[in-house]
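Architecture and fold: a report
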Amino acid sequence: MAAGRDTNRVIEIPGPWQHKYVAANGARFHVAECAARSDVPDPPLVLLLHGFPEFWWTWRDQLTALSEAGYRAAAMDLRGYGGSDKTPRGYDPLTLARDVSGVIKALGERNAIVVGVGWGGYVGWVTATLHPREVSALCAVSAPHPLVMLSMLRPGNRVAAFTHVMAMQVPLIPERKLSDPDSGFLRKHLERWSSPHSTFPDTTAVSTYQAALSLWPAPHCALEYHRWLVRSRMRMDGRHFSQLMQRPVTQAVCVIHGADDPAVPARGPAASSRQVAGPFRSELMPDVGHFANEEDPVGFNARLIAWLATLPDAPVVPGQAYG
């Protein structure tokens, strides 16, 4: 019971949102949700997917902004993170996409606009491709299409994400560094992948993410995402995944990328347009690194909400406009 109370204290951070738990795809998922403002009938659902090494809290500024813009906003903890189940298996993108599709339905909606950053964007691409009925539109932040990402993760490309992913293949040592505050591993990762012009991460962000990733086996689960990416390249499941991802994305897609992102060069999001058959929009944010939604939340929110306003069934909020 003590462990459960500790998890709740670390994960269920109070704010203008509600915490809930839903069952989907054979697991239990934690979701933080902000209802839309009361003068908007039938608000669309925007489901927010965090990246590494984060959890739902990465979307704290977007939850409230989206609510005020007339959307029902929900940020889930991906499998293995935060308050969601930390299962022994299930960290391949096909399972993760089924998780997201299932959470949308568990929240009582037929579909949602999916917004994901980093690994959350990667999972968002997969969900939009393989579960198009549940994803009405996609915003991928610092996350090229998975096939584009695979082509970039090669020796000699000088992509920081390649070095990072390869370093995570070593057993046990990365888990220990990630879970130990004294190692400074998490803080250094956030700093290196942020823009030098950014004030992120501050001490609150570092301590909040460190607390969540110190809940064992969260570090191991988070690293399993990285390990599947490499292991699968030599297995049938990796080839099968690549074949499935050849299907074009037919929904509207917006990619938002930081100009100073050292992990993924700006050419990645641009190249992703080749995988999209629907409307495609690209936004490059100056003086921003990999964590665009946290490094410049005001600029990010303006871009996101302006794109959302172009989609069918966008809510009409009296006296409010975004351009």
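Here the structure is shown first, and the text comes after it.
Residues numbered from 1 in each chain as written. Predicted model: local features only at pLDDT ≥ 70, side-chain atom pairs only at ≥ 80, totals over all residues. Heavy atoms only, no water.

1. Brief notes about the environment of Gln246
Along the chain, Gln246 turns up in the loop between helix H11 (236-244) and strand E7 (252-258). Residue classification places Gln246 among the exposed positions, given a relative accessible area of 53%. Sequence separation between Gln246 and Pro155 is 91 residues; the distance between their C-alpha atoms is 23 Å. Apart from residues lying up to four places away in sequence, Gln246 is in contact with Leu147 and Gln275. (Helix = DSSP H or I, 4+ residues; strand = E, 2+ residues; numbered from the N terminus. Buried < 20%, exposed > 50% of the residue type's maximum accessible area, 1.4 Å probe, protein only. Contact = heavy atoms within 4.5 Å.)

2. A closer look at the state of the cysteines
The term disulfide refers to a covalent linkage connecting the sulfur atoms of a pair of cysteines. Here the structure, examined in full by the defined rule, presents zero disulfides. A disulfide-free cysteine, Cys34 has its sulfur positioned 18 Å from the sulfur of Cys139, the nearest such atom. For Cys139, which is in no disulfide, the shortest distance to another cysteine sulfur is to Cys254 and amounts to 4.4 Å. (Disulfide = S-S within 2.5 Å.)

3. Considering the nonpolar core
The biggest cluster of nonpolar side chains holds 110 residues, and the ones touching the most others in it are Leu47, Trp56, Leu63, Leu66, Met76, Val103 and Trp307. Leaving out residues up to four positions away in the same chain, Trp56 has contacts with Ile11, Ile13, Trp17, His19, His30, Ala32, His50, Leu63, Ala75, Met76 and Asp77. (Core = buried A, V, L, I, M, F, W, Y, C linked by side-chain atoms within 4.5 Å.)

4. Let's talk about the packing of aromatic side chains
According to the stated counting rule, one finds 12 aromatic pairs in the structure shown. Residues Trp57 and Tyr209 carry aromatic rings whose centres are separated by 5.5 Å and whose planes lie at 75° to one another, so their mutual orientation is edge-to-face. In this pair, Trp57 sits in the loop between strand E3 (45-49) and helix H2 (60-68) while Tyr209 sits in helix H9 (residues 203-213), placing the two residues 152 residues apart along the sequence. Each of the two residues, Trp57 as well as Tyr209, counts as buried. Arranged with centres 6.3 Å apart and planes meeting at 45°, the rings of Trp59 and Phe300 form a pair that is tilted. Taken together, the positions of Trp59 in the loop between E3 and H2 and Phe300 in helix H14 (residues 297-308) put the pair 241 residues apart, joining distant regions of the chain. Here Trp59 matches Phe300 in class, with each residue buried. One aromatic cluster is present, formed by Tyr81, Tyr91, Trp119, Tyr122, Tyr225, Trp228 and Phe241 through successive ring pairs. (Phe/Tyr/Trp six-rings, centres within 6.5 Å; stacked < 30°, edge-to-face > 60°.)

5. Concerning the pattern of salt bridges
Close approach of charged atoms lets side chains of opposite charge pair. For the structure on display, the rule yields 14 salt bridges. One salt bridge in this structure joins Glu33 and Arg72, with 2.5 Å as the shortest N-O distance. Of this pair, Glu33 sits in strand E2 (residues 27-34) while Arg72 sits in strand E4 (residues 72-76), and the two are 39 residues apart along the sequence. The class of Arg72 is buried, set by a relative accessible area of 13%. Note that Asp39 and Arg37 form a salt bridge whose closest N and O atoms lie 2.8 Å from each other. With a relative accessible area of 22%, Arg37 lands in the partly exposed category. (Salt bridge = Lys/Arg side-chain N within 4 Å of Asp/Glu carboxyl O.)

6. Some points on the side chain of Ser242
You can see Ser242 is positioned in helix H11. Here Arg233 takes part through its side chain, which lies 3.4 Å from a polar atom of the side chain of Ser242. (Polar contact = N/O pair within 3.5 Å; in protein donor to acceptor, adjacent residues only side chain to side chain.)

7. Focus on the sheet that holds strand E5 (residues 112-117)
Taken in spatial order, the eight strands make up an open sheet running E1-E2-E4-E3-E5-E6-E7-E8, and their pairing is mixed. What marks the edges here is a single partner per strand, and that holds for strand E1 (18-24) and strand E8 (280-285). The sheet shows a mean angle of 25° between the axes of neighbouring strands, taken without regard to direction. Both E2 and E4 contribute to a ladder of four bridges, which runs antiparallel. When the bridges of E4 are listed, Glu33 appears paired with Ala74. Sitting on the sheet, H14 touches E5, strand E6 (135-141), E7 and E8, and the angle it makes with E8 is about 170°. (Pairing = 2+ DSSP bridges. Axes fitted to C-alpha atoms, helices over the stretch in contact; angles between N-to-C directions.)

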